[in-house]
Amino acid sequence: MTGTAPQRTDVEGVDGGVGLTALLVAAARAIETHRHDSLAQDAYAEHFVRAAPACAHWPVRIQQVPDGDANPLWGRFARYFGLRTRVLDDFLLRSVRTGTRQVVLLGAGLDTRAFRLDWPSGCTVFEIDRAGVLDFKHHVLDDRAAVPKAKRVPVPVDLREDWVSALTAAGFDPAAPSVWLAEGLLFYLPAPAETYLIDTVDRLTTEGSALAFEAKLEKDLLVYRDSPIYTATREQIGIDLLHLFDEGPRPDSAGALTANGWSTTMYTPFDFTRRHGRGPLPEPNDALEGNRWVFAHKPRP
């Protein structure tokens, strides 16, 4: 699909709906940060959790969870988010080491990579998300006197609106290589919005650019309806992920990129669990079984 971007259908900040999932991921990153065998460090994550009334009672250390790592939400699911954070951190840092200096975070949420990763000189990190989410993040980070390690450019726009104009107006240069990240985003979008987003990234990138995103196999959305991860998330913190996921057929975004000349690789999270020696492994009735992490590169001539 090309042409006009689909119109937005919600305007929530972090207080409900998909916005609340950003706080779930922040809590998971806080728990990961305080582990003795941490895969990723985010000193700001727990401050987001404590600043939002909706989740002020959530744990930020695994020791605050009565059943610890046996808890499907704060144990296994949180460890999944910690692993994902590390894998995507590594992807971004590898990408900028090749000379790329533009980083675009699609649906940035409470991502703090501009503040916590060691970026090469001259990097610009564009953070695209709704104004309410970015405003909340700004206030929390400002209270912590946080200083970004790269030029940080918030782009307050809904991805269902004309985010391309907002991004280019903010200084993004389509003629220069760029690296893009869509972390925990696509399965919340209707299929036409995902297709538009992937097509647009293809159109806005030049050779030497890269993209990473998380996808979910369509058949697994309902197959694992009663998975302990979904049940615990719904019962313990009131987030019904299956209700938030778009129920329509999913496009083959990796295939579309390949057809347009990108090189793509696809992994399961368990591939990286085995690589790093920690993280979730397959279980019966496993909601993570259908998750895929896709890495795409637009070859140089």
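Residues numbered from 1 in each chain as written. Predicted model: local features only at pLDDT ≥ 70, side-chain atom pairs only at ≥ 80, totals over all residues. Heavy atoms only, no water.

Colleague: Would you mind showing me how to read empty space enclosed by the protein here?
Modeller: Empty space among the atoms can be located by rolling a probe the size of a water molecule over them. Throughout the structure, instances matching the rule amount to one cavity of 30 Å³ or more. Approximately 30 Å³ is the volume attributed to the largest cavity. As for the largest cavity, its lining consists of L159, R160, W163, L189, A193, Y196 and L197. Broken down by class, the residue content of the lining of the largest cavity amounts to six nonpolar, no polar and one charged. (1 Å grid on protein atoms, 1.4 Å probe; cavity = no way out; pocket = protein on both sides within 12 Å on 5 of 7 lines; lining within 4 Å. Points joined across faces, edges and corners; volume = space filled by probe spheres on them. Nonpolar A, V, L, I, M, F, W, Y, C, P; charged D, E, K, R; others polar.)

Colleague: Would you take a moment to explain the pattern of salt bridges for this structure?
Modeller: Close approach of charged atoms allows side chains with opposite charge to pair. Within the structure shown, the criterion is met by 23 salt bridges. Its salt-bridge partner being D286, residue R76 comes within 2.7 Å of it at the nearest N-O pair. One end of the pair, R76, is in helix 3 (residues 72-96); the other, D286, is in the loop between helix 12 (269-276) and strand 7 (291-297), with 210 residues separating them in the sequence. Among the residues examined, R76 registers a relative accessible area of 12% and is labelled buried. What makes D286 buried here is its relative accessible area of 3%. The network of salt bridges with shared partners includes R84, D89, D111, R113, R116, E183 and E214. (Salt bridge = Lys/Arg side-chain N within 4 Å of Asp/Glu carboxyl O. Helix = DSSP H or I, 4+ residues; strand = E, 2+ residues; numbered from the N terminus. Buried < 20%, exposed > 50% of the residue type's maximum accessible area, 1.4 Å probe, protein only.)

Colleague: Sorry if this is basic, but what is going on with the layout of surface pockets here?
Modeller: The volume enclosed by the second largest pocket comes to roughly 280 Å³. Every residue lining the second largest pocket is counted, 19 residues in all, and those nearest its centre are F91, R94, S95, F295 and H297. Of all elements in the fold, only helix 3, strand 6 (263-267), helix 12 and strand 7 reach the threshold of two or more residues within the lining of the second largest pocket. Element by element, the count of residues in the lining of the second largest pocket is highest for helix 3, at five residues.

Colleague: I would appreciate a short explanation of the packing of helix 3 against helix 9 (residues 228-237) in the present structure.
Modeller: In a packed pair of helices, the relevant descriptors are the angle between the two axes and the axis-to-axis distance. At a closest axis distance of 9 Å, the pairing of helix 3 and helix 9 adopts a crossing angle of 125 degrees. The angle between helix 3 and helix 9 places the two elements in the oblique class. Crossing angle aside, the handedness with which helix 3 passes helix 9 is left-handed. Each of P72, L73, W74, R76 and F77 in helix 3 lies in contact with helix 9, whose residues at this interface are P228, I229, A232, T233, Q236 and I237. Broken down by class, the residue content of the contact of helix 3 with helix 9 amounts to eight nonpolar, two polar and one charged. (Axes fitted to C-alpha atoms, helices over the stretch in contact; angles between N-to-C directions. Parallel < 35°, antiparallel > 145°, perpendicular 65-115°, else oblique. Left-handed = near helix turned anticlockwise from the far one by under 90°. Contact = heavy atoms within 4.5 Å.)

Colleague: Sorry if this is basic, but what is going on with the pairing of strand 4 (residues 178-182) here?
Modeller: Burial within strand 4 is extensive, with five of its five residues counted as buried. Judged by which residues are buried, strand 4 turns out to be covered on both faces: S178, W180 and A182 on one side and V179 and L181 on the other are all buried. Note that the unit made of strand 4, helix 7 (residues 191-204) and strand 5 (residues 210-216) has a crossover that is right-handed. (Right-handed = clockwise from strand over helix to strand, strands pointing away.)

Colleague: How should the packing of aromatic side chains be read in this particular structure?
Modeller: Here the structure, examined in full by the defined rule, presents 19 aromatic pairs. Aromatic pair Y44 and F115: ring centres 6.0 Å apart, planes at 65 degrees, arrangement edge-to-face. Placement of the pair is Y44 in the loop between helix 1 (17-33) and helix 2 (45-51) and F115 in helix 4 (residues 113-116), with a sequence separation of 71 residues. Taking the relative accessible area as the measure of exposure, F115 reaches 5% and is therefore buried. In this structure an aromatic cluster arises from ring pairing among F77, Y80, F81, F91, Y267, F272, W293 and F295. (Phe/Tyr/Trp six-rings, centres within 6.5 Å; stacked < 30°, edge-to-face > 60°.)

Colleague: I keep staring at the nonpolar core and nothing clicks. Help me out?
Modeller: Inside soluble globular proteins, nonpolar side chains tend to come together where they are buried. Counting 73 residues, the largest nonpolar core has L23, W58 and W119 as its most contacted members. Setting aside residues no more than four positions away along its own chain, L23 makes contact with V14, F48, V49, A52, C55, W58, L110 and F136. Core analysis: the next-biggest nonpolar cluster, separate from the first, contains 31 residues, W163, V164, L204 and A254 among them. (Core = buried A, V, L, I, M, F, W, Y, C linked by side-chain atoms within 4.5 Å.)

Colleague: Got a minute to help me understand helix 7 in this structure?
Modeller: Each α-helix winds once per 3.6 residues, and so residues spaced three or four apart point in a common direction. When the terminal C-alpha atoms of helix 7 are compared, their 20 Å separation across 14 residues agrees well with the 20 Å that a helix rising 1.5 Å per residue should span. When we look at burial in helix 7, the residues that qualify are A191, A193, E194, Y196, L197, I198, T200, V201, D202 and L204. Structurally, helix 7 contributes buried residues whose contacts are with strand 1 (102-106), helix 6 (163-169), strand 4, strand 5 and helix 11 (253-259). (Expected span 1.5 Å × (residues − 1).)

Colleague: What is the right way to look at the pairing of strand 7 in this model?
Modeller: If a strand is regular, its side chains alternate between the two faces of the sheet. For strand 7, a buried count of six out of seven residues is recorded, marking the element as mostly surrounded by other parts of the structure. Alignment of strand 5 against strand 7, held across seven bridges, turns out to be antiparallel. Note on strand 7: the bridge partner recorded for F213 is V294. In terms of strand pairing, strand 6 meets strand 7 through five bridges, oriented antiparallel. Within strand 7, the residue paired with S263 across the bridge is H297. (Pairing = 2+ DSSP bridges.)

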